[in-house]
Amino acid sequence: MATDLKSLKSDLVVDARGTACPGPLLAAKKAIGELESGEIMEILSADEGTKNDIPRWCDKVGHEYLGFYDEDSFSRLFLIKE
Amino acid sequence: MEATQEITIQELQLQIDALKKKVNKLEKSRKDQLSIAVVSGDMDKVLAAMVISLAAAAMDTQVKLFFSFWSLSALRDPNKSPKGKDFISKMFGIMLPKGKDKLSLSNMNMGGMGPLMIKMLMKKQHVMSLGEMFKQAGELGIEITICEMSMGLMGFKSEEMIDYPHLRYAGAATFVADAGESAIQLFI
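Residues numbered from 1 in each chain as written. Chains lettered and ligands numbered in written order. Predicted model: local features only at pLDDT ≥ 70, side-chain atom pairs only at ≥ 80, totals over all residues. Heavy atoms only, no water.

Enquirer: Can you help me understand helix α5 (residues 130-139) of chain B in this one?
Expert: Given 3.6 residues to a turn, an α-helix orients residues that are three or four positions apart in the same direction. Listed as buried for α5 of chain B are L130, M133, F134, Q136, A137 and G138 of chain B. In this fold, the buried residues of α5 of chain B make contact with α2 (23-31) of chain A together with α2 (43-58), β2 (62-67) and β3 (143-147) of chain B. Positive backbone phi, at 80°, marks G141 of chain B, one or two positions downstream of α5 of chain B. (Buried < 20%, exposed > 50% of the residue type's maximum accessible area, 1.4 Å probe, protein only. Helix = DSSP H or I, 4+ residues; strand = E, 2+ residues; numbered from the N terminus. Contact = heavy atoms within 4.5 Å.)

Below, the structure written as structure tokens:
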């Protein structure tokens, strides 16, 4: 899964490393409107909780959560817009 | 044979209609909505209410906040000073925190040192300030209802409350009605 994600090309990267909970979720929610259905969003977050929150958000709203992988000081999370 | 089949279909139709009615009623009674009665005026508790509300709004849940009693202090605008208050209202106005930046902590307040430290830590950890949270809440369409009765009790005037895009004044019945149709109800 991790290698899959690393070769993924995102249509939009949302850098939410500068905010803690619920900042990254808000940033993702605001940016999702810029994407078309089926496009890939990548969220950069330094907040550990985001790894649990983004899948729950996707679950509820209908986006397809693809997973995440960790960098040195943050994580990259991926999803496909509904 | 044919006759019995016809009756069955009719019966089925009736059952479907009854089910439709029930589903409609259920959908109306439990909307994807969060109602919070915010009663506490402590910084930590108002903060909790706002964080939960923002997360809910980001998840497309309709959010309705009902501010009453001590929490009204959080909605005061420090730059506004209303005129024509009687003596007791003036005293309340002086004794109670003037705005969200003046709230105290429910624990470890230490004469105002606690809130200062928390604010410093929040900045360091990149947590939004209360002011920023209210701004975001406004953008996300979070509704705030101020308890009319509490306003009278504390001697607050609508002229001294913050400018917020979705602000209204109402009574307890409004909260009960909102909460009744919300899937999530909280009291903070």
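Enquirer: I'm lost on the sheet that holds β2 of chain B in this one. Help?
Expert: The pairing of strands in a sheet happens through backbone hydrogen bonds and is either parallel or antiparallel. Residues and elements named next belong to chain B. On the basis of which strands lie adjacent, the open sheet formed by five strands has the order β4-β3-β2-β1-β5 and parallel pairing. The sheet is open, and its two edges are formed by β4 (167-170) and β5 (182-187), each paired on a single side. In this sheet, adjacent strand axes meet at a mean angle of 20° when their direction is disregarded. Across six bridges, strand β1 (residues 31-38) lies against β2 in parallel orientation. Residue pairing in the sheet places I36 in a bridge with L65 of β2. Contacting β1, β2 and β5, α2 crosses the sheet at an angle of about 170° to β1. (Pairing = 2+ DSSP bridges. Axes fitted to C-alpha atoms, helices over the stretch in contact; angles between N-to-C directions.)

Enquirer: Which parts of the structure should I look at to understand the pairing of strand β1 (residues 12-15) of chain A?
Expert: On any regular strand, side chains alternate: one points to one face of the sheet, the next to the other face. Residues and elements named next belong to chain A. Residues of β1 alternate between two faces, with L12 and V14 buried on one and V13 and D15 left unburied on the opposite face. Bridge analysis of β1 against strand β2 (residues 40-45) gives four bridges, and the strand direction is parallel. Each bridged residue has a counterpart across the sheet, and for L12 the counterpart in β2 is M41. Handedness of the β-α-β unit built from β1, α2 and β2 comes out right-handed. (Right-handed = clockwise from strand over helix to strand, strands pointing away.)

Enquirer: Help me out: how do you make sense of the interface of chain A and chain B in this one?
Expert: Think of interface size as the accessible area that goes away when the parts come together; that is how it is often given. Across the boundary between the two partners, chain A contributes 13 residues, which contact 16 residues of chain B. With both chains or domains summed, chain A and chain B bury close to 1,200 Å², and 66% of this area falls on carbon and sulfur atoms. By the criterion of area lost to chain B, the three top residues of chain A are L26, K29 and K60 of chain A, representing 39% of everything that side buries. Our count for the chain A to chain B interface comes out at three salt bridges. Between K60 of chain A and D32 of chain B there is a salt bridge, with its nearest N and O atoms 2.7 Å apart. Looking at the side of chain A that touches chain B, the elements with two or more residues in it are α2 and α3 (50-61) of chain A. (Buried area = accessible area lost by both parts, 1.4 Å probe. Salt bridge = Lys/Arg side-chain N within 4 Å of Asp/Glu carboxyl O.)

Enquirer: How should the pattern of salt bridges be read in this particular structure?
Expert: Residues and elements named next belong to chain B. The tally for this structure, following the rule as stated, stands at 18 salt bridges over all chains. For the salt bridge of K31 with E181, the shortest nitrogen-to-oxygen distance reads 3.2 Å. Residue K31 is located in strand β1, and its partner E181 is located in the loop between α7 (172-180) and β5; the two are separated by 150 residues in the primary sequence. Judged by relative accessible area, which is 34%, K31 ranks as partly exposed. With a relative accessible area of 23%, E181 lands in the partly exposed category. Note that D163 and K80 form a salt bridge whose closest N and O atoms lie 3.0 Å from each other.

Enquirer: When you look at the side chain of S45 of chain A in this model, what are you seeing that I'm missing?
Expert: All names here are of chain A. Mapped onto the fold, S45 is located in strand β2. A polar side-chain atom of S45 sits 3.1 Å from the main-chain amide nitrogen of D47. Beyond its immediate sequence surroundings of up to four residues, S45 is in contact with A16, R17, P24, T50, F74, S75 and L77. (Polar contact = N/O pair within 3.5 Å; in protein donor to acceptor, adjacent residues only side chain to side chain.)

Enquirer: Please explain unusual backbone geometry as it appears in this structure.
Expert: Glycine aside, the phi torsion of most residues is negative, and most peptide linkages are trans. At the junction of C21 of chain A and P22 of chain A, the peptide bond is cis and its omega measures out at 0° in the coordinates. By the element assignment, P22 of chain A lies in the loop between β1 and α2. Look at F69 of chain B: it is not a glycine, yet its phi comes out positive at around 50°. Its place among the elements puts F69 of chain B in the loop between β2 and α3 (87-95). Non-glycine residue M110 of chain B carries a positive phi angle of around 45°. By secondary structure assignment, the location of M110 of chain B is in the loop between α3 and α4 (113-124). The exposure class of M110 of chain B is partly exposed, given its relative accessible area of 47%.

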